[in-house]
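# Coordinate inspection notes
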Amino acid sequence: MTVRMVVGGAVFDQGRLLAARRSAPPELAGRWELPGGKAEPGETPQQTLVRELREELGVEVRPLERLPGEWTLKPGYVLQVWTAELCSGEPRPLEDHDELRWLPPDRVDEVDWLDEDRPAVAEAVRRLLNA
């Protein structure tokens, strides 16, 4: 089976982490995630992250580094998460999300994260606290 890469972004700005609430598909609606999406053929993870956040949130980001680990989302899909710096734009929920929140490290547990995103969120918070 071919495994398709999904790239999530731990987007940092002013010491905060961006969280996005899913509006689709129905089984994920209402849960929170690190925004991102599926890689297209021939795309690097960094290119995927830049394209997906431009499409979904209307922002430009600069990928920084990959967080350790990969997480299976469903058969054939694996999540990688990269930290990213917000370069321009104000994030807006344009596709697949209905709400966004900037969360300081001490408030990341206030939202109901998708289970697959929790390890990456914990690592992103560690990096924010040590920045």
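Structure: above.
Quick look at the structure, then. Nothing here was measured: the structure is a model prediction, and the numbers come from that model.

### Side note on helix α2 (residues 118–129)
Over its 12 residues, α2 extends 17 Å from the first C-alpha to the last, a length consistent with the 16 Å expected when each residue adds 1.5 Å. Every buried residue of α2 is accounted for by Ala-120, Val-121, Glu-123, Ala-124, Val-125 and Leu-128. In this fold, the buried residues of α2 make contact with β1 (4–13), β2 (16–22), β6 (71–74) and β7 (77–88).

### A short note on the side chain of His-97
As for its position among the elements, His-97 is in strand β8 (residues 97–103). On the basis of relative accessibility, which here comes to 5%, the residue His-97 falls in the buried class. Only 2.6 Å separates the side chain of His-97 from the side chain of Glu-33, close enough to count as a polar contact. With sequence-adjacent residues up to four places away left out, His-97 is seen in contact with Ala-20, Arg-21, Arg-22, Ser-23, Glu-33, Glu-56 and Leu-57.

### Digging into the pairing of β2
Of all 7 residues making up β2, 5 are buried, and the element is well covered by its neighbours. In this structure, β1 lies alongside β2, joined through 2 bridges in antiparallel fashion. By the bridge assignment, Phe-12 is partnered in β2 with Leu-17. Hairpin connection between β1 and β2: a loop of 2 residues separates the two successive antiparallel strands, and Gln-14 in this loop has a positive phi of roughly 50°. Looking at chain direction, β2 and β8 are connected through 6 bridges and run antiparallel. Across the sheet, Ala-20 pairs through a bridge with Leu-100, a residue of β8. Here β2 pairs with strand β3 (residues 32–33) via 2 bridges, running antiparallel. Paired with Arg-21 across the two strands is Trp-32, which belongs to β3.

Conventions we followed
Residues numbered from 1 in each chain as written. Predicted model: local features only at pLDDT ≥ 70, side-chain atom pairs only at ≥ 80, totals over all residues. Heavy atoms only, no water. Helix = DSSP H or I, 4+ residues; strand = E, 2+ residues; numbered from the N terminus. Expected span 1.5 Å × (residues − 1). Buried < 20%, exposed > 50% of the residue type's maximum accessible area, 1.4 Å probe, protein only. Contact = heavy atoms within 4.5 Å. Polar contact = N/O pair within 3.5 Å; in protein donor to acceptor, adjacent residues only side chain to side chain. Pairing = 2+ DSSP bridges.

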